[in-house]
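Results of the structural survey
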Amino acid sequence: DGIVAVAGTQPTDTGGADVIADAGFGGPAPGLLHPVLALVAAAGSALLRHQVSCAEDKVRGARAAMGGRGRQSITGHSLGGGISQIVSARMGIAAVGVSAAAVTAVPTVRSR
């Protein structure tokens, strides 16, 4: 079995990009936000999409390393937990998010 772990918010290691990505969990709110906040939310959504894509690449790499054998899951804390939930929904693997953001406002995630 394989587990991919996604780091939580690293405010100093990423030049603040993770903090902005956290804003991506708020979902779109056109016309409801101050124009500056709307720009932050849009940038956050773009960064969050990029981080989700990177996490999906890591899952595919782990799957290849495992030779397609065994179960695969993903986990993370905070930002990483939210990303793991999105990857789980998109790739159909198990996830455990610890103290994660709610992902129901993220456009690519649908609740069941």
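Scroll up to find the structure this text is about.
Below you will find a few notes about this structure. Quick caveat, the model's predicted, so the values are computed rather than measured.

We now examine the pairing of strand β2 (residues 72-77). Of the two faces of β2, the one holding Gln72, Ile74 and Gly76 is buried and the one holding Ser73, Thr75 and His77 is not buried anywhere. In this structure, strand β1 (residues 2-6) lies alongside β2, joined through 5 bridges in parallel fashion. Residue pairing for β2: Ala5 is matched across the bridge by Thr75. Running through helix α3 (residues 79-91), the crossover from β2 to the neighbouring parallel element strand β3 (residues 94-98) is right-handed.

This paragraph deals with the environment of Gln10. With respect to the helices and strands, Gln10 occurs in the loop between β1 and α1 (17-23). Owing to a relative accessible area of 30%, Gln10 belongs among the partly exposed residues under this scheme.

Contact geometry for helix α2 (residues 35-65) and α3: axes closest at 9 Å, N-to-C directions at 65 degrees. Of the two elements, α2 crosses α3, and the hand of that crossing is right-handed. Taken together, the residues of α3 that come into contact with α2 (itself represented by Leu48, Gln51, Val52, Ala55, Glu56, Val59, Arg60 and Arg63) are Leu79, Ile83, Ile86, Val87, Arg90 and Met91.

Before going further, it helps to examine the pattern of salt bridges. Counted under the stated rule, the structure contains 3 salt bridges. Linking Asp1 and Arg71 is a salt bridge whose minimum nitrogen-to-oxygen distance equals 2.6 Å. In this pair, Asp1 is assigned in the segment before β1 and Arg71 in the loop between α2 and β2, connecting sequence segments 70 residues apart. Among the residues examined, Asp1 registers a relative accessible area of 68% and is labelled exposed. Overall, Arg71 belongs to the exposed group, its relative accessible area being 62%. For the salt bridge of Arg60 with Asp57, the shortest nitrogen-to-oxygen distance reads 2.8 Å. With Arg60 and Asp57 both in helix α2 and 3 residues apart, this pair spans about one turn of that helix. By relative accessible area, which is 40% here, Arg60 ends up partly exposed.

Scoring rules and cut-offs
- Residues numbered from 1 in each chain as written.
- Predicted model: local features only at pLDDT ≥ 70, side-chain atom pairs only at ≥ 80, totals over all residues.
- Heavy atoms only, no water.
- Buried < 20%, exposed > 50% of the residue type's maximum accessible area, 1.4 Å probe, protein only.
- Helix = DSSP H or I, 4+ residues; strand = E, 2+ residues; numbered from the N terminus.
- Pairing = 2+ DSSP bridges.
- Right-handed = clockwise from strand over helix to strand, strands pointing away.
- Axes fitted to C-alpha atoms, helices over the stretch in contact; angles between N-to-C directions.
- Left-handed = near helix turned anticlockwise from the far one by under 90°.
- Contact = heavy atoms within 4.5 Å.
- Salt bridge = Lys/Arg side-chain N within 4 Å of Asp/Glu carboxyl O.

By themselves, these observations are geometric and do not establish any function.
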